[in-house]
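Below are the chains, spelled out letter by letter.
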2 protein chains.
Amino acid sequence: MDKALLRKYASLAVRSGVNVQPGQLLVINAQANQYEFAGLCVEEAYKVHAGKVMVNYVDENLQHLDMLNCTTETLCDIPDYLYEARKYAQDKKACFLSIVSETPGLFADVDSTKISSYQQARNKKMSPLYRYMMNNEGQWCVIALPTVGWAKKVFPDLEEKEALQALWKAILQSVKVDENNDPVEIWTQHDKKLKYYCSVLNKHHFQKLHFTNSLGTDLYVGLVKKHNWVGGSSLSTSNVQFNPNMPTEEVFCMPDKYNTNGTVYASKPLSYNGKVIDKFNFTFTDGKVTDYHAEKGEDILKSLLESDEGSRYLGEVALISYNSPLSLSNILFYETLFDENASCHLALGASYPENVIGGMNMDDEQLAQEGANDSIIHVDFMFGTPDLKVEGIKEDGQKIIVFDKGNFVF
Amino acid sequence: MDKALLRKYASLAVRSGVNVQPGQLLVINAQANQYEFAGLCVEEAYKVHAGKVMVNYVDENLQHLDMLNCTTETLCDIPDYLYEARKYAQDKKACFLSIVSETPGLFADVDSTKISSYQQARNKKMSPLYRYMMNNEGQWCVIALPTVGWAKKVFPDLEEKEALQALWKAILQSVKVDENNDPVEIWTQHDKKLKYYCSVLNKHHFQKLHFTNSLGTDLYVGLVKKHNWVGGSSLSTSNVQFNPNMPTEEVFCMPDKYNTNGTVYASKPLSYNGKVIDKFNFTFTDGKVTDYHAEKGEDILKSLLESDEGSRYLGEVALISYNSPLSLSNILFYETLFDENASCHLALGASYPENVIGGMNMDDEQLAQEGANDSIIHVDFMFGTPDLKVEGIKEDGQKIIVFDKGNFVF
């Protein structure tokens, strides 16, 4: 990939993504094989006067070797210093840039109970720290870089080199970076559009949304009373604007924990813990998943649902027009960051406090009273289709069409 | 580089180097851009049933950017979790493989007081943990991989690609790895030769060594009474054999802290904290450096000597025949791991407890009573030349030639 274009992407991530402030600590999480791009991000961060940049390199191939070779007991011994390292940065009000660059299906040959035991042990140790990002106590941003393995999964018919190039092209397009533009400005405009959708939805103040399509989805998702539709950039508690996800095309809201009923069919596979779950559906009764099936990866789905009490309830409902650029590209990325932005989706697990008015200043108990869900997981799955219909139902029973044939009607 | 040869090198490092034991934790320290070789080491370690392998990736280019852009105050704020991470591994009796792969002179544009402030802050935090390796409480091994920057420094007249290949060749030769051999067996034989030198030197039980050559060196180095010449493989306190340095050609001993007198001229440049010190000499009076000069990098030398009380005293004296393979290659590596094995050398700073009989079970005070030096630094510098003469002087005044024209006479 052209280095000037890479630098443009790095600059966008640092400026529009985490928007690192002068003197602030920036923590970058990256795969070791992406050290060159990580280096560009560090250079760009120091240009805008970051106080310090710390890069945590991980290596998915080594994690895979660990999973294959270590005992479950060894894997589940999560050292305290990992907690301390993250806490150190959060205590300093750091911002976090995560560079996703993984190979979908890499862990397919690993026993899934081993993976979920590890995941649970890790979440148990680390979850007290998750609130920092959930509450936007510092800025954070997730972006992606292609790997050969990922590219071959997305474009199985292309040679490695061409596949990698095609995935690069798709990613840069999705984050609106090209040779001749100013992506920082384009993101500002894009943000205005998403904020407009939010303002219309917030004015309607729907009590619930009714989703139907030809896959068989027929689902009522109740929204919490004080709900707040959010999309595009966020504000940190220190009032710094940032873009948590690049790309992002969604506007999202908080389901009322005990008020979802009906059945939803996933429209895309879900890559979770390096494994793929496909052709699955859930039935909800008073908010809880009371039935589910998956043609592929049902055991993974089961362990996901059994993570804790909250993992069987929804934490997020998100709307994305089927005619959004990512959706029109018609590429299945096997990576939530992209696929969730190509399709309406729901998330099992924790909800975002920002989706309740005043939620950022509420404690767990107050949030629960508002109808929020709490969990160590937050897993998005896609259910949008070209024929998806969404009706908003107000408290007085009035129905308003929100989506017709997969798209926003406003 | 040919992958089969790389794997052979990785296998040697894991087996003859750290000799990781079944169930044991192995910690690998590597540059992020060497992730492929690190991966081979991990694979080889699991083949011999390592319990777990943890890889800490660092990135010298990012360290360089930090040094240029962070304030000294920020740099010197060493997080506690770095101490905890190392302590976690040491508490588990881990073995450590360090893969050196640095660019000499990379930090030339950084203010040297900034570097030494950082180094001191780091040493202050971490030094309680250094004893683990000094005492061989677990196995440890240092090996090297080439970088383009390093290769161009060593072979400035070659193109990047050729230089890299030449450095690869020199490194693999120095660690005795080639397509057709069994390096593990060759290292066993090599170890026997070094152990023979040690046994002869230990039998002579010299009181002091007298070094002279045409550079102007005229130095008496007193040895501690209970000294123990060591070379090649070491034994951990759990009785596991390992090779701390690959390559290694040296046999080394402990100078008596207050009993070195005369002047020594360095015969090779010294790369320290990414900077180069060249054409330097020291004058010792009763063990202490009382005068010094350097044509290049005298300020670095000064800050090195001022690290603490012990940094002005010797901690090691090492003998290497001038006709050893590394020496005959006549390559200046600008990297202590190699250059120290091509030339007789001394080290300023901490001595190794294993160089005193029973020293591994002594505390600081007992070691000091034996004549050991303690310091947060241990920095080797080379002074061997083709005309170096070494005379051993026994307690009764008897003189025995140890080196003539740069080589062992035994």
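Computed from a prediction, not measured in an experiment: that's the story for all the values here. (Residues numbered from 1 in each chain as written. Chains lettered and ligands numbered in written order. Predicted model: local features only at pLDDT ≥ 70, side-chain atom pairs only at ≥ 80, totals over all residues. Heavy atoms only, no water.)

Student: Would you take a moment to explain the relation of the copies chain B and chain A for this structure?
Tutor: The relation between the two chain copies is a rotation about an axis coupled with a shift along that axis. Rotating chain B by 180° and translating it 0.0 Å along the rotation axis places it on chain A, where the RMSD comes to 0.0 Å. In short, the pair behaves as if placed about a two-fold rotation axis. The fraction of interface residues of chain B whose copies in chain A are also interface residues reaches 100%, indicating that both copies meet through the same surface. (Least-squares fit on C-alpha atoms with pLDDT ≥ 70 in both. Contact = heavy atoms within 4.5 Å.)

Student: When you look at the interface of chain B and chain A in this model, what are you seeing that I'm missing?
Tutor: Interface size is commonly expressed as the accessible surface area that is lost when the partners come together. Taken together, the contact between chain B and chain A spans 27 residues of the former and 27 residues of the latter. When the buried surface of chain B facing chain A is broken down by residue, Tyr46(B), Tyr57(B) and Tyr81(B) rank first, second and third, together holding 23% of it. Counting across the interface, chain B meets chain A through 2 salt bridges. Counting across the interface, chain B meets chain A through 8 residue pairs in polar contact (both at pLDDT 80 or more). For the side of chain B that touches chain A, the per-class residue count stands at 15 nonpolar, 5 polar and 7 charged. (Buried area = accessible area lost by both parts, 1.4 Å probe. Salt bridge = Lys/Arg side-chain N within 4 Å of Asp/Glu carboxyl O. Polar contact = N/O pair within 3.5 Å; in protein donor to acceptor, adjacent residues only side chain to side chain. Nonpolar A, V, L, I, M, F, W, Y, C, P; charged D, E, K, R; others polar.)

Student: So what exactly am I meant to see when it comes to the pattern of salt bridges here?
Tutor: Oppositely charged side chains can pair when the atoms bearing their charge come close. Applying the stated criterion across every chain yields a total of 28 salt bridges over all chains. As a salt-bridge pair, Arg131(A) and Asp364(A) come within 2.3 Å of each other at their nearest N and O atoms. Residue Arg131(A) is found in helix H7 (residues 131–134), and its partner Asp364(A) is found in helix H14 (residues 364–370); the two are separated by 233 residues along the sequence. Of the residues examined, Asp364(A) reaches a relative accessible area of 42% and is grouped as partly exposed. Between Glu306(B) and Lys302(B) there is a salt bridge whose closest N-O contact spans 3.4 Å. Taking the relative accessible area as the measure of exposure, Lys302(B) reaches 39% and is therefore partly exposed. Taken together, the salt bridges that share partners define one network made up of Arg7(A), Arg15(A), Glu43(A), Glu44(A) and Lys47(A). (Helix = DSSP H or I, 4+ residues; strand = E, 2+ residues; numbered from the N terminus. Buried < 20%, exposed > 50% of the residue type's maximum accessible area, 1.4 Å probe, protein only.)

Student: Help me understand the side chain of Asn181(A), please; the structure alone is not making it clear to me.
Tutor: All names here are of chain A. Following the sequence through the fold, Asn-181 ends up in the loop between helix H9 (160–174) and helix H10 (183–204). There is a polar contact of 2.8 Å between the side chain of Asn-181 and the backbone oxygen of Lys-176. Sequence-distant contacts of Asn-181, defined by excluding residues within four places in its chain, comprise Lys-8, Lys-176 and Ile-186.

Student: Help me out: how do you make sense of helix H6 (residues 112–126) of chain A in this one?
Tutor: Along its 15 residues, H6(A) runs 21 Å from first to last C-alpha, staying within 8% of the 21 Å computed at 1.5 Å per residue. Within H6(A), burial applies to Ser112(A), Lys114(A), Ile115(A), Ser116(A), Tyr118(A), Ala121(A), Asn123(A) and Met126(A). (Expected span 1.5 Å × (residues − 1).)

Student: What's the story with the sheet that holds strand E10 (residues 251–253) of chain B in this structure? I'm lost.
Tutor: The pairing of strands in a sheet comes from backbone hydrogen bonds and takes either a parallel or an antiparallel form. Residue and element names in this part refer to chain B. Across the sheet, which stays open at both edges, the 5 strands sit in the order E7-E10-E15-E16-E17 with antiparallel pairing between neighbours. Looking at which strands have only one partner, the edges of the open sheet turn out to be strand E7 (230–231) and strand E17 (378–382). Sheet topology places strand E15 (residues 314–319) next to strand E16 (residues 345–349); 4 bridges connect them, and they run antiparallel. In the sheet register, Val-317 faces E16, and the bridge partner there is Leu-346. (Pairing = 2+ DSSP bridges.)

Student: Help me understand the environment of Asp256(B) in this model?
Tutor: Residues and elements named next belong to chain B. Relative to the assigned elements, Asp-256 resides in strand E11 (residues 255–265). Residues Asp-256 and Ala-121, 135 residues apart in the sequence, show an inter-C-alpha distance of 28 Å. Those residues in contact with Asp-256 that lie beyond four places of it in its chain are Gly-222, Leu-223, Val-224 and Gly-371.

Student: Sorry if this is basic, but what is going on with unusual backbone geometry here?
Tutor: Residue and element names in this part refer to chain A. Across the junction of Met-246 and Pro-247, the peptide omega takes the value 5°, indicating a cis bond. Locating Pro-247 in the fold gives a position in the loop between strand E9 (241–242) and strand E10 (251–253). Despite not being glycine, Tyr-334 has its phi angle at roughly 55°, a positive value. When you line up the elements, Tyr-334 lands in the loop between helix H12 (325–328) and helix H13 (336–339).

Student: Explain the confidence of the model for chain A here, please?
Tutor: For chain A, the average pLDDT comes to 95, and 100% of its residues sit at 70 or higher. Across the whole predicted complex the pTM is 0.87, and at the interface the ipTM reaches 0.85. (pLDDT = per-residue confidence, 0-100.)

Student: Whenever I open this one, the sheet that holds strand E7 (residues 230–231) of chain A confuses me. Can you help?
Tutor: Pairing in this open sheet of 5 strands is antiparallel, and the strands run E7-E10-E15-E16-E17 (chain A) from one edge to the other. Lying at the two open borders of the sheet, with one neighbouring strand each, are E7 and strand E17 (378–382) of chain A.

Student: When you look at the nonpolar core in this model, what are you seeing that I'm missing?
Tutor: As a rule of thumb, soluble globular proteins bury nonpolar side chains together. Formed by 155 residues in total, the largest nonpolar core has its most connected members in Tyr9(A), Ile28(A), Leu97(A), Tyr9(B), Ile28(B) and Leu97(B). Not counting residues up to four positions away in its chain, the partners in contact with Ile28(B) are Ala38(B), Cys41(B), Val42(B), Val53(B), Met54(B), Val55(B), Asn56(B), Leu97(B) and Ile99(B). (Core = buried A, V, L, I, M, F, W, Y, C linked by side-chain atoms within 4.5 Å.)

Student: Help me out: how do you make sense of the packing of aromatic side chains in this one?
Tutor: In the structure shown here, the tally under the stated rule is 34 aromatic pairs over all chains. Ring geometry for Phe96(A) against Tyr132(A): centres 5.9 Å apart, planes inclined by 80°, an arrangement best described as edge-to-face. One end of the pair, Phe96(A), is in strand E3 (residues 95–100); the other, Tyr132(A), is in helix H7, with 36 residues separating them in the sequence. Ring centres 6.4 Å apart and planes at 55° place the aromatic pair Trp140(B) and Phe242(B) in the tilted group. With a gap of 102 residues between them, Trp140(B) in strand E4 (residues 140–144) and Phe242(B) in strand E9 (residues 241–242) connect regions that are remote in the sequence. (Phe/Tyr/Trp six-rings, centres within 6.5 Å; stacked < 30°, edge-to-face > 60°.)

Student: Would you mind showing me how to read the state of the cysteines here?
Tutor: Tallying each qualifying case throughout the model produces 0 disulfides over all chains. Not engaged in a disulfide, the cysteine Cys95(A) finds its nearest cysteine sulfur in Cys141(A); these two sulfurs lie 9.7 Å apart. What makes Cys95(A) buried here is its relative accessible area of 0%. No disulfide involves Cys253(B); its sulfur sits 8.8 Å from that of Cys198(B), the nearest cysteine. The exposure class of Cys253(B) is buried, given its relative accessible area of 0%. (Disulfide = S-S within 2.5 Å.)

Student: I tried to follow the pairing of E17(B) on my own but got confused; where do I start?
Tutor: In the case of a regular strand, side chains alternate between the two sheet surfaces. Residues and elements named next belong to chain B. With 4 of its 5 residues buried, E17 lies for the most part within the structure. As defined by bridge partners, E16 adjoins E17 across 5 bridges and the pair is classed as antiparallel. Pairing of Leu-346 across the sheet is with Phe-381, part of E17.

Student: How should the side chain of Asn341(A) be read in this particular structure?
Tutor: Residue and element names in this part refer to chain A. For Asn-341, the location among the structural elements is in the loop between H13 and strand E16 (345–349). According to the relative accessible area criterion, Asn-341 is buried, its value standing at 0%. Those residues in contact with Asn-341 that sit more than four places away from it in its chain are Pro-247, Thr-248, Glu-249, Glu-250, Ile-320, Ser-324, Leu-326 and Thr-336.

Student: I tried to follow the environment of Leu367(A) on my own but got confused; where do I start?
Tutor: All names here are of chain A. Following the sequence through the fold, Leu-367 ends up in helix H14. Of the residues examined, Leu-367 reaches a relative accessible area of 6% and is grouped as buried. On a C-alpha basis, the gap between Leu-367 and Val-356 in space is 8.1 Å, while along the polypeptide they are 11 residues apart. The contacts of Leu-367, once residues within four sequence positions are left out, are Arg-131, Pro-353, Gly-359, Met-362 and Ala-372.

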